[in-house]
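Close look at the chain arrangement
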Amino acid sequence: MHHLLLLTLLLSCTMIAHPTQGRPTVIAHRGASGYLPEHTLESAAYAHALGADYIEQDVVMSRDDVLIVCHDIHIDTTTDVATRFPDRRRADGRYYAVDFTWAELRTLQVSERFEPKSGIPVYASRFPHNGASFRLCTMEEQLLLIQGLNRSTGRTAGVYPEIKEPAWHAKEGKDPGRALLGLLERFDYRTAQDKVFVQCFDPKELRRLRQELKTELRLVELLDPPTETEDPSKMASRLREIASYAQGVGPHLSWIARYSASGAPAVTTFVADAHAAGLLVHPYTIRSDALPPGMKTLDQLLQFLREADADGLFIDQPDAAVVRRD
Ligand code: CA
């Protein structure tokens, strides 16, 4: 009995020191996108049912200033826009959400992501192109769905919206960042205690949200894979800088895994440096059907992330991470 009590005390001390150690935050990447077309309401509902802690939304703006949940400023890799509105493509041959009203966008059929030229699905084993009906949705519809499920199931899933290409939107005369904060506030996401993270690749936008728009929400800076000149082990000062306006970083996996000639990945100092700066680390993207080099199984990858002490992960199959964690 005495030993058990001591063990419990020791365990709780460990948990205070590392609140997420062994229990990484599971973020459903574009909803349960491994099983249903990304960013649909069906995908978000399924992610909630599978026990995801957070459900991710990428956010772009329509011509009439509605926030649409879509991974790209283009809409031609997940919808039938090219056949429905063939004359609405730009000179570069692409179709952009910002050129369409929400009334037009909502008529499009959504399918599993495909290569626009060939029509071939990006992930061969995912939801088939079988004519099942899916639609784009707005950020407001996602919030209504998730908050409704939070209530009806008694389990609260958070939201994890990403502002897509704010500089590009600004050139188009749009401000999705400001609109997103306003919408979140209407749904009672107002403080650092609320179950939301706002993410963006653009540090200028994150600084603007914090300093100019005065948001109190937790912010996460996303990091593209390191370039030739960026060394994952020499990020300490940049991470301290990020910590002056954000609470976390969302690095590409290659910031955390370093590959040697033998092919076996080793942990870099990135996570330790981020933790020293006071930042959470939520790497992207884990896909059980598209593992990164050097990882033979999903279990190996998740074990690697545990050893790396990542605080969470973006994953297309959220149940896989929830089951292994719990
Ligand atoms: Ca995203």
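Residues numbered from 1 in each chain as written. Predicted model: local features only at pLDDT ≥ 70, side-chain atom pairs only at ≥ 80, totals over all residues. Heavy atoms only, no water.

1. Notes on helix α11 (residues 298-308)
Because the α-helix completes a turn every 3.6 residues, residues three or four places apart line up on one side. Those residues of α11 that sit buried are L298, L301, L302, F304, L305 and A308. When α11 is viewed along its axis, its buried side chains cluster within an angular range of 155° and face the same direction. The inward-facing, buried residues of α11 abut β9 (257-259), β10 (265-267), α10 (270-276), β12 (312-315) and α12 (318-325). A positive backbone phi angle near 70° is found at D309, which sits one or two residues after α11. (Buried < 20%, exposed > 50% of the residue type's maximum accessible area, 1.4 Å probe, protein only. Helix = DSSP H or I, 4+ residues; strand = E, 2+ residues; numbered from the N terminus. Arc of directions from axis to C-beta. Contact = heavy atoms within 4.5 Å.)

2. Points about the pairing of strand β8 (residues 248-251)
Here β8 shows two buried faces, one formed by G248 and G250 and the other by V249 and P251. Relative to β8, strand β7 (residues 218-223) is paired through four bridges, and the arrangement is parallel. Its bridge partner being in β8, L223 is matched across the sheet by P251. Taken together, the two bridges between β8 and strand β11 (residues 280-281) define a ladder with parallel strand orientation. In the sheet register, G248 faces β11, and the bridge partner there is L280. (Pairing = 2+ DSSP bridges.)

3. Describing the coordination of the calcium ion
Ligation of the calcium ion by protein atoms is provided by E56 (OE), D58 (OD) and E162 (OE), these donors lying 2.1 to 2.3 Å from the ion. Along the chain, the residues donating to the calcium ion are arranged with the sequence spacing E-x1-D-x103-E. Here the residue D58 occupies a position in strand β2 (residues 54-61), and E162 occupies one in strand β5 (residues 158-163), the gap between them amounting to 104 residues. (Donors = N, O, S within 2.8 Å, 3.2 Å for Na, K, Ca; no water.)

4. Considering the pattern of salt bridges
Summed over all chains, the structure comprises 26 salt bridges. A salt bridge links R90 to E172; the shortest N-O distance between them is 3.1 Å. Of this pair, R90 sits in the loop between α3 (81-84) and α4 (102-105) while E172 sits in the loop between α6 (166-171) and α7 (176-186), placing them 82 residues apart in sequence. Take R90: its relative accessible area is 26%, and that puts it in the partly exposed class. A single network of salt bridges, built from pairs that share partners, joins R23, D53, R325 and D326. (Salt bridge = Lys/Arg side-chain N within 4 Å of Asp/Glu carboxyl O.)

5. So, the environment of A47
Take A47: it is sitting in helix α2 (residues 41-49). On the basis of relative accessibility, which here comes to 0%, the residue A47 falls in the buried class. A47 has contacts with A28, G31, A32, A52, I55, R155 and P318, leaving out every residue within four places of it along the chain.

6. Structural notes on the packing of α2 against helix α5 (residues 139-153)
The N-to-C vectors of α2 and α5 enclose an angle of 30°; their axes lie 10 Å apart at closest approach. Compared by their axis directions, α2 and α5 come out roughly parallel. Between α2 and α5 lies a crossing whose hand is right-handed. Here α2 contributes L41, A44, A45 and H48 to the contact with α5, which in turn contributes E141, Q142, L145, I146, L149, N150 and T153. Looking at the contact of α2 with α5 residue by residue, the class counts come to six nonpolar, four polar and one charged. (Axes fitted to C-alpha atoms, helices over the stretch in contact; angles between N-to-C directions. Parallel < 35°, antiparallel > 145°, perpendicular 65-115°, else oblique. Left-handed = near helix turned anticlockwise from the far one by under 90°. Nonpolar A, V, L, I, M, F, W, Y, C, P; charged D, E, K, R; others polar.)

7. Considering the confidence of the model for the chain
Overall, the predicted model of the chain reaches an average pLDDT of 93, with 93% of residues at or above 70. Confidence drops under a pLDDT of 50 for residues 4-19, and excluding neighbours within four residues, the segment shows two contacts in the predicted structure. (pLDDT = per-residue confidence, 0-100.)

8. Re the packing of aromatic side chains
The tally for this structure, following the rule as stated, stands at ten aromatic pairs. Ring geometry for Y54 versus F197: centroids 5.2 Å apart, planes at 55°, classification tilted. In this pair, Y54 sits in strand β2 while F197 sits in strand β6 (residues 197-200), placing the two residues 143 residues apart along the sequence. Classification of F197 by relative accessible area gives buried; the value is 2%. (Phe/Tyr/Trp six-rings, centres within 6.5 Å; stacked < 30°, edge-to-face > 60°.)

9. Considerations on the environment of E172
By relative accessible area, E172 is classed as partly exposed at 31%. The residues contacting E172, other than those within four sequence positions of it, are R90 and V98.

10. Some remarks on the packing of α7 against helix α8 (residues 203-212)
The contact between α7 and α8 brings their axes to 10 Å, and the two run at 50°. The angle between α7 and α8 places the two elements in the oblique class. The interaxial crossing formed by α7 with α8 has right-handed handedness. Counting all contacts with α7, which are made through G177, R178 and L181, the residues of α8 involved are E205, R208, L209 and E212. Here the residues of the contact of α7 with α8 are counted per class, giving two nonpolar, one polar and four charged.

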